[in-house]
Amino acid sequence: MKKMLKILVFVTHLLWCTPLLAQRDVLRDLMRALREPRLLADVLIRTDLLVVAPDEMIFNHFRSALPSGARTQFFPLSDVEFRFSELNQFAGSIVVLVDRSRGQFPIEQRQLIPYDLTLIRRQDLIIAGDVDRIDRQVRYRLFVSAPSFPGLKKGIADLLNRRIKEVEDIRFSIAQPVRLSVVVSNGGKEAFEAFAQSSTGDFIWTTPEDLSRVEDLLVTETEIYLMLPPVPDRLKHRWAFDPAKLAPNQSVVARQSKGGDFYQVLLYSPFKQALIGLMENYADPASVPEEPLIITHPVLGPVGRMLVVPFGDIPRYRDRVGDLATQVFRVLQASGLVSEVVMADKPPAYLQDFTSFQQGTVETDLVVTLGRDAGADLLISGRLVGFEPLTIYRHTLSSSPSPAADRRIWTVTRFRDEEVRATLEARLYDGQTGRVLWTKTTEGIARSSFPMGSFRSEAVDPPPLQPERSVPTVRDQRLYATAVTDALMKLSKAMQWEILWTKDAVPYAVVSPAPVPQVEGIVGKVDGPFLYLDIGAQQGLKEGDVLLLYRIVVIKTERKVVRLEEEVGRAVVVDLFPEACRILLEATPKIPPEVGMRARLLPRTVKVNLKEQPKDGAAGKEAKKEEKDPSKAK
């Protein structure tokens, strides 16, 4: 109260000493300083809004962010060129939203935009506004332009949450550089739409044929390659893995660093649905493993009928989940992967129950018999493993102005956040041979949040908040069924992208074998001519096996980062342990061996010369045995 009186006395003295013409400016500035700021969104809903956007999805996103009561109208960005007069004569306010990955605003009509289009760089997020006054009527022109949809969403949020005190504050322009990813793909429009939905960052999309357009960004920004066969040869030198090494039914996920948190990522798949699945699982480049991950897709011919063996549920959750068997049947039937989906209602006489199927311990003969009786090419079974419920009680704090100048009104709201995780296992069997073709474990998640009340207080400092408290239960029992539904939907998606469903006349349930995995180890100790590796008998090594010793050399330039394998020499296994082995170098290498080098098992047809090995240790003993028994010497 004393501060308010002091301000009033100061203003009175200032007006008394100020000329009459200047008193208006003083009062206007004083009123503006005391005026409470408003959200720009609350100002916009007072006028008719014409929203120019690339498509209805962006228009609906903007309209949903406005307060209730907004009068909006959609205007396609593609119609600006031939409907410009209609756009220019609109009496209300105009909001232009541009996702530059989907379309550009025509440069010929740039006078409609409150920003110079020629100044926009590819990595800029632009937010600009202007005000027009025509015959006492105020209309606004707002412009948001971003490299891609995630950046546009951020720009819309920043625009509508901007606080202003008067209409003139809408005259502004902001250019914020954002981090870009360069996405190179030959997957077409379907791959682009799938990546745009799963990606959380800004990106520029291009094709291998148009790579020169983004050559400057490839030097500094993160590169993401989403490729389908055939792969252009001119791009292979940029990748951490050569897809030519893969089988026709294999995918690969590989990543190499460009320094800091900038990467070069490769997602390669033999068919488009698998590529889309990789995009969803590895939307964040940082989640891609550094070592190449090879995924082998089972190849299934035209499947006529698939038998759904009732999935095992948990008895004490049946009242919350419902009929699990029927839910599985409906989800797989709606997937459209096979011509016909059938479900076994009752177990046959030779099988008292489906417990063995649900536990994964079923015998092959029973699978073949059940598949033959049902006329099914494939059988799928599984079980609901369990649930993980969790409730978190938390508090949030917000504030608003108080009549007292030195205080604020603090509002503490209490929330109850509930979450249920459901784990589901599934197995796919060949109905003719009884083999397990594919297994999958999916996790469904269901969440909800409930406000539990709030209280307000007026003080100078905010009130203390209680720490979060968690409880392993939930009150909303509907979350259990929702979590199971989510797990089933993820199972259906995994069947679509992890299995190659073909229409060719191939034998049912043919799985192309994956290449034999390379056995590699790391040098952990150097003892003269002997080296110790962290691989042994459990990794399939045998005494006498030959390994190639090499080191990784990283070459960094301004343009790219190259990883090379430099050969050091060859060595033979002389001592074998369960988790380790001792190897002997064939000859003295030019590069001295050291801890951290790698060794790769070579094909067992490779031979080495053991004549120059020292006659001590295990190698000497082996050489003496060969001298005594000439039949063993090679």
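Computed from a prediction, not measured in an experiment: that's the story for all the values here.

Conventions we followed
Residues numbered from 1 in each chain as written. Predicted model: local features only at pLDDT ≥ 70, side-chain atom pairs only at ≥ 80, totals over all residues. Heavy atoms only, no water. Pairing = 2+ DSSP bridges. Helix = DSSP H or I, 4+ residues; strand = E, 2+ residues; numbered from the N terminus. Axes fitted to C-alpha atoms, helices over the stretch in contact; angles between N-to-C directions. Contact = heavy atoms within 4.5 Å. Phe/Tyr/Trp six-rings, centres within 6.5 Å; stacked < 30°, edge-to-face > 60°. Buried < 20%, exposed > 50% of the residue type's maximum accessible area, 1.4 Å probe, protein only. Lys NZ or Arg CZ within 6 Å of the ring centre and 35° of its normal. Salt bridge = Lys/Arg side-chain N within 4 Å of Asp/Glu carboxyl O. 1 Å grid on protein atoms, 1.4 Å probe; cavity = no way out; pocket = protein on both sides within 12 Å on 5 of 7 lines; lining within 4 Å. Points joined across faces, edges and corners; volume = space filled by probe spheres on them. Nonpolar A, V, L, I, M, F, W, Y, C, P; charged D, E, K, R; others polar. Core = buried A, V, L, I, M, F, W, Y, C linked by side-chain atoms within 4.5 Å. Left-handed = near helix turned anticlockwise from the far one by under 90°. Expected span 1.5 Å × (residues − 1). Arc of directions from axis to C-beta. Polar contact = N/O pair within 3.5 Å; in protein donor to acceptor, adjacent residues only side chain to side chain. Parallel < 35°, antiparallel > 145°, perpendicular 65-115°, else oblique.

Colleague: Please clarify how the sheet that holds strand 13 (residues 263–268) should be interpreted in this entry.
Modeller: One key point about sheets: their strands pair by backbone hydrogen bonds, in either a parallel or an antiparallel sense. Spatial ordering of the open sheet is given by 10-9-11-13-12-14, a layout of six strands whose pairing is mixed. Looking at the sheet topology across the chains shown, the edges are occupied by strand 10 (202–206) and strand 14 (293–296). Across the sheet, the axes of successive neighbouring strands diverge by a mean angle of 15 degrees, strand direction being ignored. Where strand 9 (residues 180–185) meets strand 11 (residues 222–227), five bridges bridge the pair, whose relative direction is parallel. Looking at the pairing, Val-184 lines up with Tyr-225 of strand 11. Where helix 7 (residues 188–198) meets the sheet, it contacts strand 9, strand 10 and strand 11, and its direction lies at approximately 175 degrees from that of strand 10.

Colleague: When you look at the sheet that holds strand 3 (residues 71–76) in this model, what are you seeing that I'm missing?
Modeller: Within the open sheet, the six strands sit side by side as 3-2-4-6-5-8. Their pairing is mixed. The two strands at the open ends of the sheet, each matched to only one other strand, are strand 3 and strand 8 (172–177). In this sheet, adjacent strand axes meet at a mean angle of 15 degrees when their direction is disregarded. Sheet topology places strand 5 (residues 124–134) next to strand 8; six bridges connect them, and they run antiparallel. Note on strand 8: the bridge partner recorded for Ala-128 is Ser-173. Helix 6 (residues 149–160) rests against strand 4 (93–99), strand 5, strand 6 (137–146) and strand 8 of the sheet, and its axis sits at about 150 degrees to strand 6.

Colleague: What am I meant to see in the packing of aromatic side chains here?
Modeller: Between two aromatic rings, the relevant description is the distance of the centres plus the angle of the planes. Here the structure, examined in full by the defined rule, presents 10 aromatic pairs. Seen in terms of ring centroids, Phe-192 and Trp-205 are 5.2 Å apart; in terms of plane orientation they differ by 75 degrees. Their pairing is edge-to-face. Of this pair, Phe-192 sits in helix 7 while Trp-205 sits in strand 10, and the two are 13 residues apart along the sequence. You can call Trp-205 buried: its relative accessible area is 17%. Their ring planes at 85 degrees and their centres at 5.0 Å tell us that Phe-195 and Phe-203 sit as a pair that is edge-to-face. Each member of the pair, Phe-195 together with Phe-203, is buried. The aromatic ring of Phe-172 is capped on one face by Arg-162, whose charged end is 3.9 Å from the ring centroid. One residue, Arg-320, lies across the ring of Tyr-480, its end atom 4.9 Å from the ring centre.

Colleague: Just to check I follow, could you spell out the pairing of strand 13 for this structure?
Modeller: Regular strands place side chains that alternate from one sheet face to the opposite one. The buried fraction of strand 13 is high, at six of six residues. Pairing of strand 11 with strand 13 involves five bridges; the strand directions are parallel. Each residue of the ladder has a partner; that of Met-227, found in strand 13, is Tyr-268. Strand direction decides the pairing type here: strand 12 (residues 250–257) and strand 13, joined by six bridges, are antiparallel. Across the sheet, the residue bridging to Ser-257 is Tyr-263, located in strand 13. Turn length for the strand 12-strand 13 hairpin, with the two strands adjacent in sequence and antiparallel, is five residues, and the turn residue Gly-259 shows positive phi of about 105 degrees.

Colleague: Got a minute to help me understand the pattern of salt bridges in this structure?
Modeller: It is possible for side chains bearing opposite charge to pair when their charged atoms get close. Per the stated rule, a full pass over the model turns up 35 salt bridges. Residue Glu-419 is joined to Arg-447 by a salt bridge in which the shortest nitrogen-to-oxygen separation is 2.7 Å. With Glu-419 in strand 19 (residues 408–430) and Arg-447 in strand 20 (residues 436–459), the pair connects residues that are 28 residues apart, well separated along the chain. Each of Asp-130, Asp-132, Arg-139, Arg-141, Glu-168 and Arg-171 takes part in a single network of salt bridges with overlapping partners.

Colleague: Can you walk me through empty space enclosed by the protein in this structure?
Modeller: A water-sized probe, rolled over the atoms, reveals where empty space remains. A full pass over the atoms with the stated rule returns two cavities of 30 Å³ or more. Put simply, the second largest cavity is a space of about 30 Å³. Lining the second largest cavity we find Asp-313, Ile-314, Tyr-317, Arg-318, Val-321, Gly-322, Leu-324 and Leu-384. The class makeup of the residues in the lining of the second largest cavity is five nonpolar, one polar and two charged.

Colleague: Sorry if this is basic, but what is going on with the nonpolar core here?
Modeller: Among the nonpolar cores identified, the biggest contains 66 residues, and Leu-226, Met-306 and Phe-387 are the most heavily contacted of them. Broken down by element, the residue count for this core peaks at 10 residues, all from helix 14 (residues 478–498). Excluding its chain neighbours within four sequence positions, the residues that come into contact with Leu-226 are Val-183, Val-184, Ser-185, Asn-186, Gly-187, Phe-195, Trp-205, Leu-267, Leu-275 and Met-279. Leu-40, Leu-49, Leu-160 and Ile-164 belong to the second largest nonpolar core, which has 28 residues in total.

Colleague: Explain the packing of helix 11 (residues 324–335) against helix 14 to me, please; I cannot follow it from the model alone.
Modeller: When two helices pack together, you describe them by how their axes are tilted relative to each other and by the distance separating the axes. Closest axis-to-axis distance for the helix 11/helix 14 pair is 10 Å, and the angle between their directions is 35 degrees. Two packed elements cross with a definite hand, and for helix 11 against helix 14 that hand is right-handed. From helix 11, Leu-324, Gln-327, Val-328, Val-331, Leu-332 and Ser-335 reach across to helix 14, where they touch Val-484, Thr-485, Leu-488, Met-489, Ser-492, Met-495 and Gln-496. Residues of the contact of helix 11 with helix 14, tallied by class, amount to eight nonpolar, five polar and no charged.

Colleague: So what exactly am I meant to see when it comes to the pairing of strand 19 here?
Modeller: The buried count for strand 19 comes to 18 of 23 residues, which makes it a mostly enclosed element. With antiparallel pairing between neighbouring strands as the criterion, strand 18 (residues 378–401) and strand 19 make up a hairpin whose turn holds six residues. As paired elements, strand 19 and strand 20 share 21 bridges and run antiparallel to each other. Bridge pairing links Ala-426 to Lys-440 in strand 20. Between strand 19 and strand 20, which follow one another and run antiparallel, lie five residues, and Gly-434 among them has a positive phi close to 80 degrees.

Colleague: Would you mind showing me how to read helix 11 here?
Modeller: For an α-helix the count is 3.6 residues per turn, leaving residues at separations of three or four pointing the same way. The terminal C-alpha atoms of helix 11, which comprises 12 residues, lie 17 Å apart, in line with the 16 Å expected from a rise of 1.5 Å per residue. Listing the buried residues of helix 11 in full gives Leu-324, Ala-325, Val-328, Phe-329, Val-331, Leu-332 and Ser-335. Down the axis, helix 11 shows its buried residues gathered within 165 degrees of arc, on one side only. Exposed residues on helix 11 whose side chains face more than 90 degrees from its buried face are Arg-330 and Ala-334. Check the buried side of helix 11 and you find it contacts strand 16 (305–308), strand 17 (340–343), strand 18 and helix 14. Of the residues that open helix 11, the one with a side-chain oxygen 3.4 Å from the backbone nitrogen of Ala-325 is Asp-323. Note on helix 11: the residue one or two positions beyond its end, Gly-336, has a positive phi of about 70 degrees.

Colleague: Can you walk me through unusual backbone geometry in this structure?
Modeller: What is expected of a backbone is that most residues other than glycine have negative phi and most peptide bonds are trans. Put simply, Pro-229 and Pro-230 share a cis peptide bond, and its omega is 0 degrees. Topologically, Pro-230 is positioned in the loop between strand 11 and strand 12.

Colleague: Help me out: how do you make sense of helix 6 in this one?
Modeller: With 12 residues, helix 6 extends 17 Å from end C-alpha to end C-alpha; this agrees with the ideal 16 Å at 1.5 Å per step. Taken as a whole, helix 6 has its buried residues at Phe-149, Pro-150, Gly-151, Leu-152, Gly-155, Ile-156, Leu-159 and Leu-160.

Colleague: Help me out: how do you make sense of the packing of helix 4 (residues 56–65) against helix 6 in this one?
Modeller: Running from N to C, helix 4 and helix 6 cross one another at 30 degrees; their axes reach a closest spacing of 10 Å. Considered as vectors, helix 4 and helix 6 are oriented roughly parallel to each other. In this structure, helix 4 crosses over helix 6, and the sense of that crossing is right-handed. On helix 6, the residues that touch Met-57, Ile-58, His-61, Phe-62 and Ala-65 of helix 4 are Phe-149, Leu-152, Lys-153, Ile-156 and Leu-160. Per-class residue counts for the contact of helix 4 with helix 6 are eight nonpolar, one polar and one charged.

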